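Each chain, letter by letter, is given below.
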Amino acid sequence: MNTIDKVIAQARSENRIALLEHEAKIIVREYGITIPKFQLATNEKEAARIAQEIGFPVVAKIVSPEILHKSDAGGVKVGLNTVADVEAAYRTIMENAKAYDSKANLLGVLIMEMAPKGTEVIVGAIKDSQFGATLMFGLGGIFVEVLKDVTFKIAPVSMDEAREMINGLKASALLKGYRNTDPVDIDALAQVLVSISNLLMDHPEIRELDLNPVMAYAKGVSTVDARIILE
Ligand code: ADP
Ligand code: MG
């Protein structure tokens with residue numbers, strides 16, 4: 001069995017349709033998506049050891065099948081610079097998650113390399129009952145939630161179509177450099193859309209996918225959160 005089938009089979013065997021963040025990341029990484037280094041810790045000492053291996057600063061995030069929106073649960077701590085920070089973050093995250101949902105199964109804390117600050121964008125995919133796999137692109141935060149500034153295309157999408165999705169945003173000027181900010185790497189973003197399109201075409205058992213956010217830089221991109229829901 002290949003890596004992707006193994007991850008999906010594991011989730012199925014546990015009756016889960018929502019993959020854990022690191023499982024979703026293992027899958028999208030197989031399609032060439034750049035992901036900062038990560039490893040699951042199941043206690044404070046292990047969290048500290050992993051952080052030292054990865055190198056500071058790191059990010060720590062709750063891993064629980066019942067908690068899909070980790071920040072809402074107080075389950076994300078960024079900018080951890082020392083072993084003491086990481087150990088404290090492990091404890092706080094576990095306590096916050098417990099307080100948020102006392103029935104949630106807490107599997108541990110994902111320790112992750114911290115990506116540099118970039119322009120946060122969202123790549124999404126859903127299965128439309130009429131059109132099948134459909135890709136979505138938008139800018140992070142209020143642009144998606146308040147302004148609903150997103151574009152859609154039915155998969156499969158080519159590089160040209162992916163560029164059209166990016167350039168089709170009302171706020172696309174923000175990606176092209178303004179005042180003293182650099183333009184972001186549009187082709188690297190378009191490549192993420194094409195890779196996700198390929199993943200969906202090859203794996204119809206994926207019902208929903210979100211990369212939220214993808215950090216876009218002057219050169220390259222980095223995907224710091226991923227979510228996959230199976231059929
Ligand atoms: P959720 O969406 O489940 O609340 P995220 O994993 O998206 O959790 O984390 C929340 C926010 O923390 C992200 O939008 C991003 O700004 C920041 N973040 C998460 N992981 C990283 C990382 N590895 N490097 C830098 N920033 C991160
Ligand atoms: Mg997120």
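To be clear, the structure that these remarks concern was listed above.
Quantities reported herein were computed from a predicted structural model and do not represent experimental measurements. (Residues numbered from 1 in each chain as written. Chains lettered and ligands numbered in written order. Predicted model: local features only at pLDDT ≥ 70, side-chain atom pairs only at ≥ 80, totals over all residues. Heavy atoms only, no water.)

Comments concerning the site of ligand 1
Here is step 1 of the chain: Around ligand 1 lies a shell of 18 residues, among which Lys 61, Lys 70, Ser 71, Ala 115 and Glu 120 are the nearest.
Here is step 2 of the chain: A distance of 2.6 Å separates an oxygen atom of ligand 1 from a polar atom in the side chain of Ser 71.
Here is step 3 of the chain: Note that an oxygen atom of ligand 1 is positioned 2.8 Å from one of the side-chain N or O atoms of Glu 120.
Here is step 4 of the chain: A total of 550 Å² of accessible area belongs to ligand 1 in isolation, and the protein chains cover 83% of it.
Here is step 5 of the chain: Elements with a minimum of two residues in the shell around ligand 1: strand E2 (58-63), strand E3 (76-80), strand E4 (108-113) and strand E8 (206-216).
Here is step 6 of the chain: A per-element tally of the shell around ligand 1 places E8 first, with 3 residues.
Here is step 7 of the chain: Considering only residue class, the shell around ligand 1 consists of 10 nonpolar, 3 polar and 5 charged. (Near = heavy atom within 4 Å. Polar contact = N/O pair within 3.5 Å; in protein donor to acceptor, adjacent residues only side chain to side chain. Areas by Shrake-Rupley, 256 points an atom, 1.4 Å probe, with all protein chains shown as cover. Helix = DSSP H or I, 4+ residues; strand = E, 2+ residues; numbered from the N terminus. Nonpolar A, V, L, I, M, F, W, Y, C, P; charged D, E, K, R; others polar.)

Some thoughts on the sheet that holds E3
Here is step 1 of the chain: In space, the 4 strands of this open sheet follow the order E1-E4-E2-E3, with antiparallel pairing throughout. At either margin of the open sheet sits one strand with a lone partner, and together these are strand E1 (38-41) and E3. With strand direction ignored, the average angle separating the axes of adjacent strands in the sheet is 20 degrees.
Here is step 2 of the chain: As paired elements, E2 and E4 share 6 bridges and run antiparallel to each other. By the bridge assignment, Lys 61 is partnered in E4 with Leu 110.
Here is step 3 of the chain: The strands touched by helix H4 (residues 83-100) within the sheet are E1, E2, E3 and E4, with E3 carrying the most contacts at an inclination of about 170 degrees. (Pairing = 2+ DSSP bridges. Axes fitted to C-alpha atoms, helices over the stretch in contact; angles between N-to-C directions. Contact = heavy atoms within 4.5 Å.)

Examining the pattern of salt bridges
Note on pairing: side chains with opposite charge can pair once their charged atoms come close.
Here is step 1 of the chain: Within the structure shown, the criterion is met by 17 salt bridges.
Here is step 2 of the chain: The salt bridge involving Glu 21 is made with Lys 61; its shortest N-O contact spans 2.8 Å. Residue Glu 21 is found in helix H2 (residues 21-29), and its partner Lys 61 is found in strand E2; the two are separated by 40 residues along the sequence. Like Lys 61, Glu 21 is buried.
Here is step 3 of the chain: Here Lys 70 makes a salt bridge to Asp 225, at a shortest N to O gap of 2.9 Å. Taken as a pair, Lys 70 in the loop between E2 and E3 and Asp 225 in the loop between strand E9 (221-223) and strand E10 (226-230) lie far apart in primary sequence, 155 residues in all. Take Lys 70 and Asp 225: they sit in the same class, and that class is buried.
Here is step 4 of the chain: A single salt-bridge network, built from bridges that share partners, covers Glu 21, Lys 25, Lys 61, Lys 70 and Asp 225. (Salt bridge = Lys/Arg side-chain N within 4 Å of Asp/Glu carboxyl O. Buried < 20%, exposed > 50% of the residue type's maximum accessible area, 1.4 Å probe, protein only.)

Some details on the coordination of the magnesium ion (ligand 2)
Here is step 1 of the chain: Protein-derived ligands of the magnesium ion (ligand 2) are Asn 212 (O) and Asp 225 (OD), with the metal-ligand distances lying across 2.1 to 2.2 Å. Of this pair, Asn 212 sits in strand E8 while Asp 225 sits in the loop between E9 and E10, placing them 13 residues apart in sequence. (Donors = N, O, S within 2.8 Å, 3.2 Å for Na, K, Ca; no water.)

Observations regarding unusual backbone geometry
Here is step 1 of the chain: Note that the residue after Ala 155, namely Pro 156, is joined by a cis bond; omega there is 0 degrees.
Here is step 2 of the chain: Relative to the assigned elements, Pro 156 resides in the loop between strand E7 (150-154) and helix H6 (159-167).
Here is step 3 of the chain: The peptide bond linking Asn 212 to Pro 213 adopts the cis configuration, its omega dihedral lying at 10 degrees.
Here is step 4 of the chain: Position of Pro 213 among the secondary structure elements: in strand E8.

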